[in-house]
Amino acid sequence: MRCQFSLSYISVDEVLPQIQTLQRASRLLKAEHQKLVNSIVQERHSKVSFNVSWLEDLYEETVVELLGERVTPLVTNPGRIMLTSSRIYFQPYNNVEVEPVLKLQLSELKYVTKRRYLLRHVGLECLCGSGECMFLVLPSPRERNRLHEAIMAQPQVSLSQDSLEEATLNWLRGDMSNYQYLMLLNFLSDRSFNDIMQYPVMPWVVADYTSSSLDLKHPATFRDLSKPIGALNDERLAFFKERYEQMRGTKFLYGTHYSAPGYVLYYLVRAAPEYLLCLQNGKFDQPNRLFHKISRTWENVNTDHADVKELIPEFYQPPGDFLLNLQNLDLGVRSDGVRVNDVILPPWAKSAEDFTTKLQAALECDYVSSHLHHWIDLVFGYKQRGEEALKADNLFHYLTYEGSFNPEFIRDPEELAAIELQIKEFGQTPKQLFTQPHPRKIVVNKSPAVALVSVDGVVCSNGDTTQGLATTSSSTVSQPLTPHSHPPPSPPLHINSNAPPLPAAAQTPPTNRYDEWIHIDAPPDSRSPAKGSCRDTKCLTLKHIDKVHKEAVSAVGVSHDSKSYFSVSNDKTIKVHTLEDNQLLRSSNISNLPLSSLVILPGSTAVLIGSWDNNVYTYSTEYAAVVNAEYCHHSSVTSLSWRHGTMATGSWDSTVKVWTLPYDPSCHKPEPAELQSELDHDNEVSCIDLDCDALRVASGTVDGYVTVWSIGDEEREYELQAHNDGVTALRFSPGGGRLCTCGGDGIVRVVDPTAKVEVISKRAPEILQCVVWMDGHLVMGGESGDIHVWEAETLCEVSRHKAHSGTVTCLHLSDDGSVLVSGSKDRCVAVWLVKSHADSQKQSS
C-alpha cells in the first residue's frame, strides 16, 4: 500500500526525521521500542515551556515550574505545572482537557495533601472550598515535596487540619459519626475520589437482604466486622488457606482485593457509564455480570473465589441515584430473560433513597458503632499487613501493599509495566494508619429504658434514628456530611446526573446417596463385560504405576508418537517420562502456585500448562524451560483445551476465553496468544473442552450448569443445568456429536448439543472426576481410585479397574488409542495398555 501526503503547515525536512525515527522504533523488540518512544516523548515535552499568556494576572510571580501529570479517573494527562504567587496552573501537552489551562486560586485552598500514586509517594492533591480539585503526579518524591513546600510557603495559603488522634477522640466520644470517621480515615490513608485505583472504601455492615423489614437491634442482621470479606465463608476460607500452604515464594490468601477500579465501576455503571466503557474497551460487561441485584451481589462476595469486594461511600449517601438507570442505558438482557435496568433492592427497601437511608441508619446504629473498630483494624490498622494480617485471615497479594517494590531497581521496562498494570487493576491496600488495636467506641444508651421504634421500616432504638446522624463538633473535619460533601470535599464519581479443587459442596455426596449400588470388589483386570454391551469392549491392562510427584497429580498427557507421557501437579512441577520403561526425561518447576492443566502441542516439542497464578505457560521439551507466559485470567486457570490453532481457557474468574494460538513445531518460541472472545458465566468455570473442529467450546461451572458456545458469534448454542452440584468433568466425543458430563451429584449425562436433547443419563456408584472417550466407550475416574469403563450408548458398565489409592483426577488417551494414562491424588501416574476384549481373549488362549 502506498500513500502520498501534502503538508500545509510544516516542511518535509522538519517532519521526516521524526517519521524515520518512529519507523526504526516500530522494528525493534517491544522493550526497546517502548524505551525509544518514551525518549522521543520526553524530549518533545522538555522543549515545551509554560505559556505565560494564560496567566490570570500579569503581575503574578513565578515560584516554580515542573513537569507532571494530572490524574482523573482512569486517565493521566501529562503537562506543565506552574506555581505562581497567586495560583496553581496545569497546562496539558494535548487538548484532552476542556480548558487549555487549569488553575486553582491559592487563597481558596482548603486541603493540600501528599498522596500515593501506584504505591509511590509522588502525588499531590489540592482541593478548594468550591469543590474544584487537582490531583497532580510528579516524576519523583523529591519534586513532589518541592512543590508541596513551595505551595505551603505562600502567604495566601493558611491551612489547618485536625490530627488523627484528635479525630479519633471526637469519634470515640460521639462528636463524629461513623460515616464521617471512616471517610476521614480514607482521606488520611490516600484514598481519593479523583484516583479510581484508590477510591474510598466502606464496609458491608448489613447481612440481611431478604427480610421484609430491617431489625437493627438483632445481631444476625449484621455482617461480622471482625473478619474480612474473604473469611466470612468458612468453606471458601479453607480453599484460600489450602492454596496458601501450597504456594512458594511470597504467599498470600487473596489474589483479588476488596477495592479495585473494576469493583468501583461495577457499582457505578449507571452513574458513570463512560468510565466503565473506558475500562472495558468500549463495551459494557456481559449482562449476567453487571450490578443487578443487591442480594445477589452479597451472595457473590460470600461465595465467589474471585470476589471479596467491599462497598463504596455512595451506599451510605441518600438519595442513592447511582442505583437507578436515570440515563436509560441499554445494559442488555440476562440469560434468565430479565433486562438489566435499576438495581433490584431488598424487600425492606421501598426505593433507592429508602435503601441508602436505612443503610446509613445501620452504619450509625449501636451494634455497628461498638464493632466498627474491628473493621478499622483490618483495613487501616494493625491487622492490615504482616503477621497480624495472616492471623486475621487478611493477607492480600504483596503488590497491593505500600513498599512492595521500588521502580528504581527494576531495569526491565516490560517487567515494570507488568507490575504497574497489576497495581492499577487489582487494587491497593490503604496506607496503614494504626499499628496498635483501635479503641472501641463505647455506646451509651441515651435513655434509661431502650424502646424499639420504627423509622420508616427500620427497627432501632430511640437513640438510633436517622435524625441523629448529624454531629455536634465545630471542627472542620467534624461538620455534618451531605452526599456531595466528604472529608475532603472532593466530588464523588458521578457524571451529571488443578484445576483448583471444587468447593467442598461439590466434592462430598450425601452419606446415603449411592445405597442402591453394590460396589464390585473384583480383581482390577479381570472384571467381565456387563450384560447388554452391544459392541466389542475394551480391556485395560496396567503396565506400570509410580509415585512421580510430591502432591496430587492434576493433569496428564501422552505424546503424539506414544513414546512418552507428561504430568503436572499441585507441587508446581511438570514431569516427562518414557512410556516404555518409565525413565524420567524432564522435571521442571513452572510456577509458584499449583498447576491445573496441560495440553501437548503438535510435534510434542511444547506443552501448554495452566496455573493457579492466572497464567498459561508454554514449556519447551527441547530446552526443558518455559519459553512463554500469558497472563490469561484474573483468577486461577482451571482448565485448558487446544485444537487447530485455537486455545480455550477456563477460570475461577467465571469466564472462558478463546484465543488464537497457532503453533509451528519448527519454531523455538511460539507466537503470543491473541484474545478472540470472552465468554462470561454466572459462576466459576470448573472444566472446558473444544470440539473436534474448534468451532464450539463446552464449559461446566460449579453450580452445575453446562453451556455449549459458538465461538464465532460468542452465542450460547445450548445450556442446561446438568447437575445439582458442580460439574466435575465434560468431554466432546471424537466427532463432536455427543457431549458427556459428570457432576458432583454422581450423575453421568450424554447429550446431543446440536439437537439440544439428552441422549441418556445414569447415576454412578461414586462421584466421577474425569472422563475420556475411547472407541464408543466412556472411561471415567472416581473418588475411590477406580477407573470405570462404560459403553457410551447404553451407559452399561463394561469393567472397573483399581490402581490408585486416591481420587483419580485426570485421564488421557493416546492419539492411536493404545495407551491410557491416569493421575491421582495419591501422587501416582499409572500407564494402561488398551486392548479389545476379543484380542485379550485370543492372547489368553
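Source: prediction; values computed, not measured. (Residues numbered from 1 in each chain as written. Predicted model: local features only at pLDDT ≥ 70, side-chain atom pairs only at ≥ 80, totals over all residues. Heavy atoms only, no water.)

Peer 1: Explain the overall build of the chain to me, please; I cannot follow it from the model alone.
Peer 2: In terms of regular secondary structure, the chain is built from 14 helices and 38 strands. Summed over all atoms, the accessible surface of the chain reaches about 36,400 Å², with 49% contributed by carbon and sulfur. (Helix = DSSP H or I, 4+ residues; strand = E, 2+ residues; numbered from the N terminus. Areas by Shrake-Rupley, 256 points an atom, 1.4 Å probe, with all protein chains shown as cover.)

Peer 1: It is not clear to me how the packing of helix α5 (residues 178-188) against helix α11 (residues 366-379) should be interpreted in this structure. Could you clarify?
Peer 2: The relative placement of two packed helices is expressed as an angle between their axes plus a distance between the axes. Contact pair α5 / α11: the axes reach a minimum separation of 11 Å and the direction vectors enclose 10°. In terms of their interaxial angle, α5 and α11 are classed as roughly parallel. Across the interface between the two elements, N178, Y181, L182 and L185 of α5 pack against V368, S369, L372, W375 and I376 of α11. When the residues that make up the contact of α5 with α11 are grouped by side-chain class, the tally is 7 nonpolar, 2 polar and no charged. (Axes fitted to C-alpha atoms, helices over the stretch in contact; angles between N-to-C directions. Parallel < 35°, antiparallel > 145°, perpendicular 65-115°, else oblique. Contact = heavy atoms within 4.5 Å. Nonpolar A, V, L, I, M, F, W, Y, C, P; charged D, E, K, R; others polar.)

Peer 1: Sorry, what's going on with the pairing of strand β20 (residues 637-643) here?
Peer 2: When a strand is regular, its side chains alternate between the sheet's two faces. Burial analysis of β20 places 6 of its 7 residues in the buried class, the great majority of the element. Pairing analysis gives 6 bridges linking β20 to strand β21 (residues 646-651), with the strands arranged antiparallel. By the bridge assignment, S639 is partnered in β21 with G650. Following β20, the chain reverses through 2 residues before pairing antiparallel with β21; H644 in that reversal takes a positive phi of roughly 50°. (Buried < 20%, exposed > 50% of the residue type's maximum accessible area, 1.4 Å probe, protein only. Pairing = 2+ DSSP bridges.)

Peer 1: Looking at this structure, I do not really get the environment of N186. What am I missing?
Peer 2: When you line up the elements, N186 lands in helix α5. Taking relative accessible area as the criterion, N186 reaches 0% and is therefore assigned buried. Look past the residues within four positions of N186 in its chain and what remains in contact with it is R191, P200, V201, M202 and F380.

Peer 1: Looking at this model, I keep getting lost on the side chain of D826. Mind explaining?
Peer 2: Here D826 lies in the loop between β37 (819-824) and β38 (828-836). One buried charged side chain, D826, makes no salt bridge at all; its nearest oppositely charged neighbour is R827, positioned 7.0 Å away. At a separation of 3.2 Å, a polar atom in the side chain of D826 contacts the side chain of H804. Among the polar contacts listed, one links the side chain of D826 to the backbone nitrogen of S805, at a separation of 2.9 Å. When sequence neighbours within four positions are dropped, the list of residues in contact with D826 reads K547, H804, S805 and G806. (Lys, Arg positive; Asp, Glu negative; His and termini not counted. Salt bridge = Lys/Arg side-chain N within 4 Å of Asp/Glu carboxyl O. Polar contact = N/O pair within 3.5 Å; in protein donor to acceptor, adjacent residues only side chain to side chain.)

Peer 1: Is there a simple way to think about the packing of aromatic side chains in this case?
Peer 2: When we look at a pair of aromatic rings, we describe it by the centre distance and by the angle of the planes. All chains considered together, the criterion is met by 26 aromatic pairs. Consider the rings of W204 and W298, whose centres lie 5.0 Å apart with planes at 45°: the pair is tilted. Residue W204 is located in the loop between α5 and β8 (214-215), and its partner W298 is located in helix α9 (residues 294-303); the two are separated by 94 residues in the primary sequence. Measuring from ring centre to ring centre gives 5.0 Å for F240 and Y254, while their planes differ by 85°; the resulting arrangement is edge-to-face. With F240 in helix α6 (residues 234-246) and Y254 in the loop between α6 and α7 (261-267), this pair connects stretches of sequence that are 14 residues apart. The exposure classification of F240 matches that of Y254, with both residues buried. Among the aromatic residues, those joined into a ring-pair cluster are W204, Y209, Y266, Y267, F291, W298, F315, F322, W348 and F355. The side chain of K251 reaches across the aromatic face of Y244, ending 5.1 Å from its centre. It is K309 that lies over the ring of Y266; its NZ or CZ is 4.3 Å from the centre. (Phe/Tyr/Trp six-rings, centres within 6.5 Å; stacked < 30°, edge-to-face > 60°. Lys NZ or Arg CZ within 6 Å of the ring centre and 35° of its normal.)

Peer 1: For this particular structure, what's the right way to read the confidence of the model for the chain?
Peer 2: Residues shown with low pLDDT carry predicted positions that ought not to be read at fine detail. Here the chain averages 84 in pLDDT, while 87% of its residues score no lower than 70. Here residues 446-535 scores under 50 on pLDDT; set against residues more than four positions off or in separate chains, the count is 228 contacts. (pLDDT = per-residue confidence, 0-100.)

Peer 1: Help me understand the environment of L811 in this model?
Peer 2: In this structure, L811 sits in strand β36 (residues 808-813). The buried category is assigned to L811, whose relative accessible area is 6%. A C-alpha to C-alpha distance of 5.7 Å links L811 and V821, two positions 10 residues apart in sequence.

Peer 1: Even after reading the chapter, I still don't get the UniProt feature "repeat: WD" (unreviewed entry) in the chain, so can you show me in this structure?
Peer 2: Look at the UniProt record and you will see "repeat: WD" (unreviewed entry) annotated at residues 630-661, 678-719, 720-752 and 801-842. The distance separating the terminal C-alpha atoms of residues 720-752 is 12 Å; by composition the span is 0% helix and 58% strand. (UniProt positions renumbered as here; feature names shortened; annotations may be inferred.)

Peer 1: Any chance you could explain unusual backbone geometry here in plain terms?
Peer 2: Note on backbone geometry: most residues besides glycine have negative phi, and most peptide bonds are trans. The residue after P318, namely P319, is reached through a cis peptide bond having omega 15°. Inspection of the secondary structure puts P319 in the loop between α9 and α10 (352-364). The backbone of N328 shows a phi angle near 55°, a positive value even though the residue is not glycine. Position of N328 among the secondary structure elements: in the loop between α9 and α10. Since its relative accessible area comes to 66%, N328 is described here as exposed.

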